[in-house]
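One letter stands for each residue in the lines below.
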Amino acid sequence: MALFDREYYRDETPPPRLRPADRMMVTNLVILNVAIYVVDIFLGRQHWLMASLSLSSADFASPWLWWRFLTYGFAHMPYPMLEHIFWNMLGLWMFGRDVELLYGRRELLTFYLVTIVFGSLVWALRYQLSGPQEQPSVLLGASGAVTAVVLLFVFHYPKRTILLMFVLPVPAWVMGVLIIGGDLMQMWSSSGHRTVAFDVHLAGAAFAIAYYRFGWNLSGWFRDLRGLGGSVGQWKPKPRLKVVKPDEDDIEEDEEADRLLIKVRDKGMSSLTAKERRTLEAYSRRMRQKHQSS
């Protein structure tokens, strides 16, 4: 069976039902952030929801509030200040889709959430080391995680042309330089109380650099911590050797290729082991030879 013979490669495949599992994870994250923002608007002018999700520099000493080290990433400056959530969600949607196609839904979500927590820890530690504050500071917004996603896009597609500010065509690496350089300049030049957490942006950038440089697989780490030990199929006992007809061998290889292609579709190429990659490459070569000879 060739790749274009499979159901999910056919043009006539009926459209799936609209479910969260069918959409890209990036789209789900954008929908969730916008939904939280809209609910906060309807709750009234006190913006109770955004205040509850946001992280305070005083929360570091309150373990019962440590869940805010994650939830602040889903809170944004309340209405009518729309530019905060607008630019964050636009950046996530524009560049996150390509990143998700590379890494898969689960890995993209894990990377996004871990980056949110990492940025908040850096921010909170900076306030702890800076000494007592007259008034606690508040952190909210997904900017650090979005910065990390955008930089992953830049690392993988440095020469892809993008429209800077929707006008100027430049290669993607220029955007990466401007993001990091701009945050560094703004952080060191700011004096007094800052309204933008440039240190959280830079923490997200640093995490993205390390993630890309060392080839981390965060979702795999969490599976190992849960005791699953990675891919279950990798540890299954090998079937005993037996004499079979060539067409039976082809059927088994087709079934294995189906499983691997579904895994790539759901989790990205990075989820494959070295042996699985070789299996998929061998299958692809056999398919090409088959169609050339037919």
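Preceding this paragraph is the structure being described.
All values reported here derive from a predicted model rather than from experimental measurement. (Residues numbered from 1 in each chain as written. Predicted model: local features only at pLDDT ≥ 70, side-chain atom pairs only at ≥ 80, totals over all residues. Heavy atoms only, no water.)

Remarks on the nonpolar core
Put simply, the test is: Among the buried residues, those of types Ala, Val, Leu, Ile, Met, Phe, Trp, Tyr and Cys that are joined through side-chain atoms within 4.5 Å form a nonpolar core. For each residue, the accessible area found with a 1.4 Å probe, counting protein chains only, is set against the maximum for its type, and the residue is called buried under 20%, exposed over 50%, and partly exposed in between. Every helix listed is a DSSP run of H or I at least four residues long, and every strand listed is a run of E at least two residues long, numbered separately from the N terminus. Two residues qualify as a contact provided that any one of their heavy atoms is within 4.5 Å of a heavy atom in the partner residue.
Judged by nonpolar contacts, the single largest core of 50 residues is most densely connected at L92, F111, Y112 and W123. Of all elements in the fold, only α1 (25–42), α2 (48–53), α4 (83–103), α5 (105–129), α6 (143–156), α7 (172–189) and α8 (198–214) reach the threshold of two or more residues within this core. With nine residues, the top contributor of residues to this core is α6. Once residues lying within four places of it in the same chain are set aside, the contact partners of L92 are V26, L29, V30, R97, Y112, V146 and V149. One finds A257, L272, L280 and M287 within the second-largest nonpolar core, a separate group that totals seven residues.

Points about empty space enclosed by the protein
Quick note on the threshold: The rule is simple: put a 1 Å grid over the protein atoms alone, call a set of points where a 1.4 Å probe fits but cannot get out a cavity, call an open set with protein on both sides within 12 Å along at least five of seven lines a pocket, and count a residue as lining if it has an atom within 4 Å of a point. Grid points are joined across faces, edges and corners, and a volume is the space filled by probe spheres set on the points. When residue character is reported, Ala, Val, Leu, Ile, Met, Phe, Trp, Tyr, Cys and Pro are called nonpolar, Asp, Glu, Lys and Arg charged, and the others, Gly included, polar.
Inspection of the entire model under this criterion finds one cavity of 30 Å³ or more. What lines the largest cavity is Y103, R106, E107, N217, S219, R223, K267, S270 and S271. Of all the secondary structure elements, the ones that give two or more residues to the lining of the largest cavity are α5 and α9 (218–225). Of the residues contributing to the lining of the largest cavity, the split by class is one nonpolar, four polar and four charged.

Notes on the packing of α6 against α7
Which entries qualify depends on this criterion: Between N-to-C directions, angles cover 0 to 180 degrees, with each direction set by a line fitted to C-alpha atoms, over the stretch in contact for helices. By the definition used in this description, the sense in which the near helix is turned from the far one sets the handedness, with an anticlockwise turn below a right angle giving left-handed and a clockwise turn giving right-handed.
In the contact formed by α6 and α7, the axes pass within 9 Å of each other and the chain directions differ by 145 degrees. Remark: the crossing between α6 and α7 carries left-handed chirality. Taking contact as the criterion, the partners of T147, V150, L151, F153 and V154 in α6 are, on α7, A172, W173, M175, G176, I179 and I180. Residues of the contact of α6 with α7, tallied by class, amount to nine nonpolar, two polar and no charged.

Some thoughts on unusual backbone geometry
Y79 connects to P80 through a cis peptide bond whose omega is 15 degrees. Here P80 lies in the loop between α3 (68–71) and α4. For M165, which is not glycine, the phi dihedral falls at a positive 55 degrees. Following the sequence through the fold, M165 ends up in the loop between β3 (161–164) and β4 (168–171). Residue F166 is not a glycine yet carries a positive backbone phi of 65 degrees. On the secondary structure map, F166 appears in the loop between β3 and β4.

Re the layout of surface pockets
Approximately 1,600 Å³ is the volume attributed to the largest pocket. In terms of lining, the largest pocket is formed by 47 residues, of which the most central are W87, N88, S143, V196 and H201. At the level of secondary structure, the elements contributing two or more residues to the lining of the largest pocket comprise α4, α5, β2 (138–139), α6, β3, α7 and α8. With eight residues, the single largest contributor to the lining of the largest pocket is α4. Partitioning the lining of the largest pocket into residue classes produces 26 nonpolar, 16 polar and five charged.

Considerations on α5
Convention followed: In this scheme, a helix's expected span is set at 1.5 Å multiplied by one less than its residue total.
The end-to-end C-alpha separation of α5 is 37 Å, in line with the 36 Å expected for 25 residues at 1.5 Å each. Among the residues making up α5, those that are buried are E107, L108, T110, F111, Y112, T115, I116, G119, S120, W123, A124 and Y127.

A short note on α4
Spelled out, the test is: What the bend at a residue measures is the angle between two axes, fitted to the seven residues ending there and to the seven starting there.
The terminal C-alpha atoms of α4 lie 29 Å apart, and with 21 residues this matches the ideal 30 Å at 1.5 Å per residue to within 8%. In α4, a bend of some 45 degrees at G96 exceeds every other bend along the element. Count one or two residues on from α4 and you reach G104, which has phi positive near 95 degrees.

Some words on the packing of aromatic side chains
One pair of aromatic rings is described through two measures. These are the centre distance and the angle between the planes. The test is simple: Classification of ring pairs rests on two measures: the distance between centres of Phe, Tyr or Trp rings, Trp counted by its six-membered ring, which must be within 6.5 Å, and the angle between planes, read as stacked under 30 degrees, edge-to-face over 60 and tilted in between. Here, a charge over a ring means that NZ of Lys or CZ of Arg falls within 6 Å of the ring centre while also lying within 35 degrees of the ring normal.
Counting across every chain of the model gives 14 aromatic pairs. Taken together, Y103, F111, F118, F207, Y211, F214, W216 and W221 form an aromatic cluster joined through their ring pairs. The aromatic ring of Y157 is capped on one face by R160, whose charged end is 4.1 Å from the ring centroid. Sitting over the ring of F214, R213 keeps its end group 5.5 Å from the ring centre.

Looking at the pattern of salt bridges
So the rule is basically this: A side-chain nitrogen of Lys or Arg and a carboxyl oxygen of Asp or Glu constitute a salt bridge if their distance falls within 4 Å.
The final tally for this structure, using the stated rule, is three salt bridges. Residue D199 is joined to R126 by a salt bridge in which the shortest nitrogen-to-oxygen separation is 2.3 Å. Linking D199 in helix α8 with R126 in helix α5, this pair joins segments that are 73 residues apart in sequence. Residue R126 is classed as partly exposed on the basis of its relative accessible area of 31%.

Structural notes on the environment of Y157
By secondary structure assignment, the location of Y157 is in the loop between α6 and β3. Distance in space between the C-alpha atoms of Y157 and W173 is 8.0 Å, their sequence separation being 16 residues. Each residue touching Y157, except ones within four places of it in the same chain, is listed here: D98, L102 and A172.

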